[in-house]
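# Architecture and fold: a report
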Amino acid sequence: AVTLDRLVPIRGQVTSEDGQPAADIQIRATGNGRAHNNFRQTTRSDADGRYEIAVAPNQVYLLTVSDEKWAANPQTGFAVFPDMPLDNRNFQLRTPTRVHGRLLNERTQEPIPNDSVIDYQHGIALQAMPEVELPNPENERYYLQPMEQYRVKTDELGQYEFLLGDGEFDLRPPQQEKAEKFTIAGQPDIELDVTTKIQPEVELVGIVLDRETSQPVSGAMISGVPQTFSGRDWQAKTGEDGKFTVRRREEATYAHAVNADRSQAAIVEV
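A few points on the structure.

Cut-offs and rules
- Residues numbered from 1 in each chain as written.
- Predicted model: local features only at pLDDT ≥ 70, side-chain atom pairs only at ≥ 80, totals over all residues.
- Heavy atoms only, no water.
- Helix = DSSP H or I, 4+ residues; strand = E, 2+ residues; numbered from the N terminus.
- Rg over C-alpha atoms; globule rule 2.2 N^0.38 Å.
- Buried < 20%, exposed > 50% of the residue type's maximum accessible area, 1.4 Å probe, protein only.
- Contact = heavy atoms within 4.5 Å.
- Areas by Shrake-Rupley, 256 points an atom, 1.4 Å probe, with all protein chains shown as cover.
- Lys, Arg positive; Asp, Glu negative; His and termini not counted.
- Charge placed at Lys NZ, Arg CZ, Asp CG, Glu CD.
- Pairing = 2+ DSSP bridges.
- Axes fitted to C-alpha atoms, helices over the stretch in contact; angles between N-to-C directions.
- Polar contact = N/O pair within 3.5 Å; in protein donor to acceptor, adjacent residues only side chain to side chain.
- Core = buried A, V, L, I, M, F, W, Y, C linked by side-chain atoms within 4.5 Å.
- Phe/Tyr/Trp six-rings, centres within 6.5 Å; stacked < 30°, edge-to-face > 60°.
- Lys NZ or Arg CZ within 6 Å of the ring centre and 35° of its normal.

## A word on the overall build of the chain
- Counting its regular elements, the chain contains zero helices and 21 strands.
- The globule rule puts the C-alpha radius of gyration for 270 residues at 18 Å, and the 25 Å found for the chain is more than 25% above it.
- Residue burial in the chain is summarised as follows: out of 270 residues, 41% are buried.
- Of the contacts formed within the chain by residues at least 6 apart in sequence, a portion of 62% connects residues at least 24 apart.
- Carbon and sulfur atoms make up 46% of the accessible area of the chain, which amounts to about 15,800 Å² in all.
- Within the chain, one finds 28 positive and 42 negative side-chain charges whose respective centroids are separated by 2 Å.

## Brief notes about the sheet that holds strand β9 (residues 116–122)
- Sheet architecture is open: four strands sit in the order β10-β9-β12-β13, paired in antiparallel fashion. Each edge of the open sheet is held by one strand with a lone partner, namely β10 (147–153) and β13 (180–184). Adjacent strand axes in the sheet meet at a mean angle of 25°, parallel and antiparallel pairs treated alike.
- Relative to β13, strand β12 (residues 167–172) is paired through five bridges, and the arrangement is antiparallel. Each residue of the ladder has a partner; that of E168, found in β13, is T183.

## Focus on the environment of D166
- Within the secondary structure, D166 is located in the loop between β11 (159–164) and β12.
- Residue D166 is classed as buried on the basis of its relative accessible area of 15%.
- Spatially, the C-alpha atom of D166 lies 6.8 Å from that of P74, the residues being 92 residues apart in sequence.
- Not counting residues up to four positions away in its chain, the partners in contact with D166 are A72, N73, P74, R94, Q121, I184, A185 and G186.
- Within the structure, D166 has its side chain in polar contact with the side chain of R94 (distance 2.5 Å).

## Things to note about the nonpolar core
- Ranked by size, the top nonpolar core spans 21 residues in total, and within it I10, Y61 and L63 carry the most contacts.
- Every element with two or more residues in this core is listed here: β1 (8–15), β2 (26–33), β4 (50–55), β5 (59–66) and β6 (75–80).
- Excluding residues within four positions of it along the chain, I10 makes contact with Y51, E52, I53, V55, L63, F78, V80, L86 and R89.
- Formed by 15 residues, the second largest nonpolar core is a distinct cluster that contains V99, F162, F169 and F182.

## Focus on the sheet that holds strand β21 (residues 265–269)
- With antiparallel pairing, four strands are arranged side by side in an open sheet as β18-β17-β20-β21. Lying at the two open borders of the sheet, with one neighbouring strand each, are β18 (234–237) and β21. Averaged over neighbouring strand pairs, the angle between their axes works out to 20° when direction is ignored.
- Two strands pair when backbone bridges link them, and strand β20 (residues 253–258) and β21 are joined in this way by five bridges, in the antiparallel orientation. Bridge pairing in β21 links V258 to A265.

## Some words on the packing of aromatic side chains
- Under the definition given, this model contains six aromatic pairs.
- Seen in terms of ring centroids, F39 and Y61 are 6.4 Å apart; in terms of plane orientation they differ by 70°. Their pairing is edge-to-face. Of this pair, F39 sits in strand β3 (residues 39–44) while Y61 sits in strand β5, placing them 22 residues apart in sequence. Considered together, F39 and Y61 belong to a single accessibility category, that of buried residues.
- On the numbers, 5.4 Å between centres and 15° between planes, the contact of F169 with F182 is stacked. Here F182 lies in strand β13 and F169 lies in strand β12, a separation of 13 residues in the sequence.
- We classify F182 as buried; its relative accessible area is 9%.
- A network of ring pairs unites the aromatic residues F39, Y61 and F78 as a single cluster.
- Over the aromatic face of F78 sits the side chain of R89, whose NZ or CZ is 4.1 Å from the ring centroid.
- Its guanidinium or amino end placed over the ring of Y120, R172 lies 4.0 Å from that ring's centre, counting from NZ or CZ.

## Topic: the pairing of β21
- Burial runs low along β21: only zero of the five residues are buried.
- The turn linking β20 back onto β21 is made up of six residues, and R262 within it adopts a positive phi angle of 60°.

## With respect to the side chain of Q75
- The topology assignment puts Q75 in strand β6.
- Within polar-contact distance, the side chain of Q75 engages the side chain of R89 at 3.4 Å.
- In this structure the side chain of Q75 is engaged in a polar contact, spanning 2.8 Å, whose partner is the backbone oxygen of N90.
- Other than its neighbours up to four places away in sequence, Q75 contacts Y61, L62, L63, R89, N90 and F91.

Coordinates in, geometry out; function isn't part of it.
Next up, the structure:
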């Protein structure tokens, strides 16, 4: 049997800088609970600036305005429980903060065009709300924090731009190997360069042998995964002589080989 939770409404109003109702503004809700999956939903304000969004109960939430021209302080630091609607989760719009800079090669400091820069907005974590208790039948100890993700591509000059409201954020390069935290509290402009390590590509040559006979294994598939689990995966296949060649990034890698009928396999560290 499967038990379904009835969604719970969150309501509020969106107003402009001068206090007038703001129509057709998108509101995004992100929840985090003990079910190991986030809840995400969007809605838009009506002609009177009012919105209603139905969300999953027993989660902590982050509500944000998502608009090309306007931003607002987030709504966070609260949980939603079954059959307990929440009202007056209001937003007042303001001109967004422009967060911008360049994505740079960490070694050469050269700009990187046409690649991703990722920004995470952090809501208030459950552990920072001692008065809030979520159901926890499995006695889990996971850190629960709602987060919203924004991703943009750099232009031909390696420049990126986000238009954001107030809150706690961190900025990450394409492989997300690090994060630079920053806070927005009404500033009109924040400039931050992001650096990332560019791994050079090298040629890897190998051979797959049968452990018992030491004979080459033809038609074996080799899959490579970076040991950081954040780089670029690769695959190769052995020829009649059991050898394979592949171009890969120069980084520590787990390589998994399996023969054609999948009766033999091995894992090695490269």
